[in-house]
Structure formats: C-alpha cells, structure tokens
Amino acid sequence: MRKILGRVVPAAIPLVVFMVGMEWLVRVGWIKAFLVPPPSAVFNTLLRDWRELFTALAKTSAGALAGFALSATGGIAIGVFLSSSRAIQRAFYPYAVFFQTVPIIAVAPLLVIWFGYGMRTVVASAFIVSIFPVIANTLSGLLSTDPALRDLFRLYGASNSATLWKLRFPAALPQILTGLRIAGGLAVIGAIVGEFIGGQGLGSVVDVARTQQRTDKVFAAVLLASALGLALFGFINLLSRVLLRRWHASEQD
Amino acid sequence: MAVITAGRLENGGAAVRLHNLRRTFDDLVVINRLTLDIRAGEFLAILGPSGCGKSTLLRLIARLVEPTTGTVEVTPADLKFHTAYVFQDAHLLPWRTVLENTVLPLELMGTDTAESAARARAALAEVGLAEAEVRYPAQLSGGMRMRVSLARALVTQPKLLLLDEPFAALDEITRFRLDIRLRELWLERGMTVIFVTHSITEAAFLADRAVVLTRKGGGIKMDRRLALPEIRRNELRASPEFGREMEALLAAMEEES
Ligand SMILES: Nc1ncnc2c1ncn2[C@@H]1O[C@H](COP(=O)(O)OP(=O)(O)OP(=O)(O)O)[C@@H](O)[C@H]1O
Ligand SMILES: [Mg+2]
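Remember, predicted model here, so these are calculated numbers, not experimental data. (Residues numbered from 1 in each chain as written. Chains lettered and ligands numbered in written order. Predicted model: local features only at pLDDT ≥ 70, side-chain atom pairs only at ≥ 80, totals over all residues. Heavy atoms only, no water.)

(A) Expanded view of the overall build of chain B. When you go through chain B residue by residue, the secondary structure sums to eight helices and nine strands. By the compact-globule yardstick of 18 Å for 257 residues, chain B fits well, its C-alpha radius of gyration being 18 Å. By principal-axis analysis of the C-alpha atoms, chain B measures approximately 50 × 45 × 35 Å. For chain B, buried positions account for 56% of its 257 residues. In chain B, once contacts between residues fewer than 6 apart in sequence are set aside, the share between residues at least 24 apart is 73%. As displayed, chain B has an accessible area near 11,200 Å², and 51% of this comes from carbon and sulfur atoms. Across chain B, 33 positive and 34 negative side-chain charges occur, with their mean positions spaced 2 Å apart. (Helix = DSSP H or I, 4+ residues; strand = E, 2+ residues; numbered from the N terminus. Rg over C-alpha atoms; globule rule 2.2 N^0.38 Å. Buried < 20%, exposed > 50% of the residue type's maximum accessible area, 1.4 Å probe, protein only. Contact = heavy atoms within 4.5 Å. Areas by Shrake-Rupley, 256 points an atom, 1.4 Å probe, with all protein chains shown as cover. Lys, Arg positive; Asp, Glu negative; His and termini not counted. Charge placed at Lys NZ, Arg CZ, Asp CG, Glu CD.)

(B) Region of the structure containing unusual backbone geometry. Residues and elements named next belong to chain B. Put simply, Thr 75 and Pro 76 share a cis peptide bond, and its omega is -5°. Mapped onto the elements of the fold, Pro 76 is located in the loop between strand S4 (69-75) and strand S5 (83-86). At His 91, a residue that is not glycine, the phi angle is positive and equals roughly 50°. For His 91, the position within the fold is in the loop between S5 and helix H3 (98-109).

(C) Region of the structure containing the packing of helix H2 (residues 39-48) of chain A against helix H10 (residues 215-244) of chain A. Residue and element names in this part refer to chain A. At a minimum axis distance of 8 Å, the contact between H2 and H10 shows a crossing angle of 75°. Accordingly, the angle class assigned to the pair H2 and H10 is roughly perpendicular. Residue-level contacts link Ala 41, Val 42, Thr 45, Leu 46 and Arg 48 of H2 to Asp 216, Lys 217, Phe 219, Ala 220, Leu 223 and Leu 224 of H10. Among the residues making up the contact of H2 with H10, the classes are represented as seven nonpolar, one polar and three charged. (Axes fitted to C-alpha atoms, helices over the stretch in contact; angles between N-to-C directions. Parallel < 35°, antiparallel > 145°, perpendicular 65-115°, else oblique. Nonpolar A, V, L, I, M, F, W, Y, C, P; charged D, E, K, R; others polar.)

(D) Here's a closer look at the sheet that holds strand S6 (residues 160-164) of chain B. All names here are of chain B. Sheet architecture is open: six strands sit in the order S5-S6-S7-S3-S8-S9, paired in mixed fashion. Edge positions in the sheet fall to S5 and strand S9 (220-225), since each has one partner strand and no second. Each strand axis lies, on average, 15° off the axis of its neighbour in the sheet, ignoring direction. Docked against the sheet, helix H6 (residues 172-189) engages strand S3 (43-47), S6 and strand S7 (192-196), running at close to 140° with respect to S3. The sheet contacts of helix H8 (residues 240-255) involve S3, strand S8 (209-213) and S9, and relative to S9 the element is tilted by about 175°. (Pairing = 2+ DSSP bridges.)

(E) Quick peek at the interface of chain A and chain B. In this complex, chain A contributes 19 residues to the contact, which on the side of chain B involves 26 residues. Both faces combined, the contact of chain A with chain B buries some 2,000 Å², and carbon together with sulfur accounts for 68% of it. Among the residues chain A hides against chain B, the three largest losses belong to A:Leu155, A:Tyr156 and A:Trp247. Together they make up 38% of the total. Measuring nitrogen to oxygen at the nearest pair gives 2.3 Å for the salt bridge that ties B:Arg59 to A:Asp151. (Buried area = accessible area lost by both parts, 1.4 Å probe. Salt bridge = Lys/Arg side-chain N within 4 Å of Asp/Glu carboxyl O.)

(F) View of the domain arrangement of chain A. Residues and elements named next belong to chain A. One can read the domain layout of chain A as domain 1 (1-31) and domain 2 (35-251). Measuring from the centre of the C-alpha atoms in domain 1 to the corresponding centre in domain 2 gives 29 Å. With six residues of domain 1 in contact, the opposing surface of domain 2 contributes four residues. Together domain 1 and domain 2 conceal approximately 480 Å² of surface at their shared face, both sides included; 72% is due to carbon and sulfur atoms. For domain 1, the biggest contributors to the area lost against domain 2 are Met 22, Glu 23 and Val 26; these three give 64% of the whole. (Domains from an automatic or database assignment.)

(G) Here's a closer look at the pattern of salt bridges. Residue and element names in this part refer to chain B. A full pass over the atoms with the stated rule returns 24 salt bridges over all chains. Between Asp 179 and Arg 237 there is a salt bridge, with its nearest N and O atoms 3.8 Å apart. Within this pair, whereas Asp 179 is found in helix H6, its partner Arg 237 is found in the loop between S9 and H8, the two being separated by 58 residues in sequence. Note on accessibility: Asp 179 and Arg 237 belong to one class, buried. One salt bridge connects Arg 183 with Asp 208, and the closest N-O pair in it is separated by 3.3 Å. Within this pair, whereas Arg 183 is found in helix H6, its partner Asp 208 is found in the loop between helix H7 (200-206) and S8, the two being separated by 25 residues in sequence. Of the two residues examined, Arg 183 and Asp 208, each falls in the buried class.

(H) Summary view of the nonpolar core. Grouped together as the largest cluster of nonpolar side chains are 137 residues, with contacts concentrated most on B:Leu18, B:Leu57, B:Leu161, B:Leu182 and B:Ile194. Once you skip the residues sitting within four places of it in the chain, B:Leu18 turns out to touch B:Leu34, B:Thr35, B:Leu36, B:Leu57, B:Ile61, B:Thr71 and B:Val72. Listed in part, the nine residues of the second largest apolar core include A:Ile104, A:Leu111, A:Ala124 and A:Ile128. (Core = buried A, V, L, I, M, F, W, Y, C linked by side-chain atoms within 4.5 Å.)

(I) Structural detail: the sheet that holds strand S1 (residues 15-25) of chain B. All names here are of chain B. What the three strands build is an open sheet, ordered S2-S1-S4; its pairing is antiparallel. The sheet terminates laterally at strand S2 (28-38) and S4, the two strands that pair on one side only. Along the sheet, successive strands turn relative to each other by an average axial angle of 20°, direction set aside. In this sheet, S4 lies alongside S1 in antiparallel orientation, the contact comprising six bridges. Looking at the pairing, His 19 lines up with Thr 71 of S4.

(J) Quick peek at the site of ligand 1. All names here are of chain B. Neighbouring ligand 1 are the residues Phe 25, Leu 28, Val 30, Ser 50, Gly 51, Cys 52, Gly 53, Lys 54, Ser 55, Thr 56, Glu 165 and His 198. Contact between ligand 1 and Gly 51: an oxygen atom at 2.8 Å from a main-chain N or O atom of the residue. Relative to its unbound accessible surface of 630 Å², ligand 1 loses 58% to contact with the protein. Tallying contributions element by element places helix H2 (residues 54-61) first for the shell around ligand 1, with three residues. Among the residues forming the shell around ligand 1, the class breakdown is four nonpolar, six polar and two charged. (Near = heavy atom within 4 Å. Polar contact = N/O pair within 3.5 Å; in protein donor to acceptor, adjacent residues only side chain to side chain.)

(K) Quick peek at the side chain of B:Arg147. Residue and element names in this part refer to chain B. Summarising the element assignment, Arg 147 is placed in helix H5 (residues 142-154). Within the buried set, Arg 147 has no salt-bridge partner at all; the shortest N-O distance to an opposite charge, 8.7 Å, is to Glu 131. Apart from residues no more than four positions distant in its own chain, Arg 147 is found in contact with Val 127, Leu 129, Arg 177 and Leu 178.

Structure below.
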C-alpha cells in the first residue's frame, strides 16, 4: 500500500496543481471559457453525459484493443519472418516501413470505402498506425542475439526453430515489449482517427461536440481517450513485469 | 592417484590434428600454415599476444569457422557433440535458472531424458554449485556465473574441452581456485583440454604443454612440454621449476610482442 501511494502521489501532484491553476485562470477571466473550459465544467459534463461518453469509450476501447491485438500478433509474426534471412529483409522491409510513413488521416477515407462505416474501419486504422513499432522492435531484437550464444547453439546442433524459441525470441523479448508499449498508445490514436471519419466512439463524440462548440465535451472525451491509452500502457507494463521480473535489469528494483 | 590415472585411461579424450591450416578474413591472414598434433587426453595451453588468432584457432577446432585451406581432424570422428566450448564471459541465458542453463546442451542435442536434470545437478556439484540451482544468473557473482558456464560445458561429458580465456575477468583468488578445479576435473575425466590464455602464469600452472603463437601470420613460435608435477597446488607457483617454465614462456612471448 505504501509502495503504491509512493508511486501515485508524485504523479498526482502536477495534475492537481495544473487543474487548480486552470480553474483559477478561467475564473479570473484570463482564459476564455469557450476556448478552454474550466476543469470543473469538464467534470460536470463527465457526470451529466456519462452514459453517452462511456458507451463511446467502450466502443473506442474495443476498436483500439482489437487493432492493438492484431498489430501485436501480426507485427511479431512479420518481425520473426523478416529476421529469417537478409534477403527476405531486403525484399520486404521497405514495405513494412510503409506502415510508418502512411498518412493515416489521408488514408482513412479509403478505409471507409473498403470497410464501410463502423468497427472494421476503426480496427483497420488502429492496426495500420500501430504495427510498425512492433515489427521494427521485434526485428531489431531478434537480430541482436549474442553471437557467442549463437555459436553455442550451433555447437550442439540446435535446429533453427530451437534457436528461435530458446534463444533469439526470449532474448528479444524486452525489445518486443518496448515495441508493444509504443503500439498501445498509437492504437488508441488510430482508433480515434478511424472514428472521426467512419465510426462511432470517442472520436465521433469529439467530432460532433466540436461542431456544437462544446469544448467541455471535447475535453471530456479527450480525457477518456488518454485514460484508455494509459490503461493499455499500464497493462503492457504489467505484462512486461511478469515476463521479465526474474531476469531483466529493466524490471528489477 | 592410481585410481585417477586408471580413470583417465578408461575415458580418454579426443585427438586433434591440424594440418597446414590457413584461415583468412578478406585480406587478413589470421592463421597461416599451422600444423599441430594434440594427443588424446592432453592439456594444452595456447598463448600469444592479443589479436594473433587464438580465438580463431579455437573456433576452427570447434568447427564454428571453416578453414580457408588445410584440415582439422578430430578423432574419433563422430565427435560432433562431444566438443564443449567455454567463452571469456559466462554467456548464460539470463531467463533460465542455473539448473536450466546447465541442462541446455542436453536439450539442444536432443538427448534430453529423464536423467538430464540429475546429470546437470552432478555437473553443478563438480564445480561446487549444488545449492545454487534455482537461482538466476543475475543473482550470481561473476565467479559463480563462470562456474555455471563450466558446468554447462561438462554436462555432455565432452571428450574435447575448449576454453577461450575463461577466467580472465575474475579476481586472482577466484581464478586460482578455478584453475585448480579445472586441472582436477581434467585428471578425473581424461578429456582433452585446449586452454587459450593471455596469462603466462596460468598457462604454466595448468598445462602439460604450451604453444606460443607468433604475433603475425598465425604460426607457432614455441611448442614446449612443461616439466611439472601432475597434481598442481598453489605451492607450485613459488617453486623453482615453475619459475623456469615461466621464464621460458616469457622469453618466447616477449619476442612476439
Ligand atoms: N569473423 C571475423 N571477421 C573478420 N575478422 C576477424 C573475424 N574473426 C577474427 N578476425 C580478425 O582476426 C584477427 C585475430 O582474431 P582473434 O580473435 O582470433 O585473436 P585473439 O588472439 O583471440 O585475440 P585476443 O587475445 O584479443 O582475444 C583479428 O585481427 C580479428 O580482427
Ligand atoms: Mg580471443
């Protein structure tokens, strides 16, 4: 309990200071309330519109999680495939980089044409935005195996698959988890962008509230979206802790 | 003592015959026209200045590197999995416990059986690590990690044990202890040991034969049989005959650096 408090309190202090500061700045009139609503107004909106907002949050969560799950499994699989030979890397890696450079805002309307309005477009958008860091980190982790250990495996006649699963993959795990951590945040962004154009959830709430000049509602939705991103980040940290606790310096206290 | 000698004869080690061995990396000639006969059960130390090709030679013998020309012949010939290799650092798998690290070679060779764990425990006991089997490498000292690495090499009952400056990173007391233990293990098991080191003292203390490589071109500068007793204790380090061997090795090394 003490440990948890010791972690939460330092992170909460800047938030509280910021909230109180904002409230004050808006009340004395230095910031116009229709540009930036006071935190109390955002809080009220959260309470008043909770049914709509939380339905939207549930949809966005489903879209982001599905997109994340796809990019995690797909990204790891593609990373493993690319690591199998240098020729394969030369042939396919440039196309993997495409995922990183694709301007999602420009492509999203296309996704709507392909997948229609709804969840599938949202998932596709979350997937496209978040897969590249998983591929890149998996690949770089798999390629940086200790050469002495590779020699050791060769000496005892280890098969390629034994070398992959007993050596290269576990050695790459810390880096793969780093990729997943980045992908989690990106998947939420991708889902929101998808909802902007062709889905329902926090993204569409923001879009509608914006046209109604309801900045308080925009802020409430953004707040929930960040909370979703944080939750996903926390989940991956927990996973990382469970998997690496015994052996990796990053997870030892 | 008689028992130990009998044990040695029973087990035997592998004989290694290098003939006209040459290895280049692009334009760099690392090993050149090297011919060397290593008898079964011999304890050979290989000395030489940094970068002269000691590791490359060891990797050639382990068939981790192919010769450019020349041959490496190990007899008996079906010896593929009876070679063990110990690196300068322990190189353990950090996500495996001490016991799981020690079992690894048996797993990879596909001879993982019900008694694998027992064999690994026996190997750990031989290096004095019986109580540490459930620990992870991160929880061990450098000396303990090196012992695990040694146990991992011993678990397959190798006939040829190759060591590449294995104790170089350890403090001197730990290193002396491991030197003594390695020599005992060699006496008990009768395997062939090839030990690469920078340290003249270590070579003289451990080996029955020392080969000094030339600085350039990877030839043999000196090949010397050491006239020292079979069982080595720390007292030996202060004896006149030890001093004589050191002096001979030092002279050859100095000319090459
Ligand atoms: N795979 C490789 N590719 C290119 N050059 C190599 C390779 N392996 C070794 N060399 C070169 O061969 C030479 C001998 O290397 P080696 O590691 O065998 O020396 P060494 O005697 O073990 O040195 P040290 O005492 O520092 O360990 C060095 O110049 C090294 O750069
Ligand atoms: Mg070396």
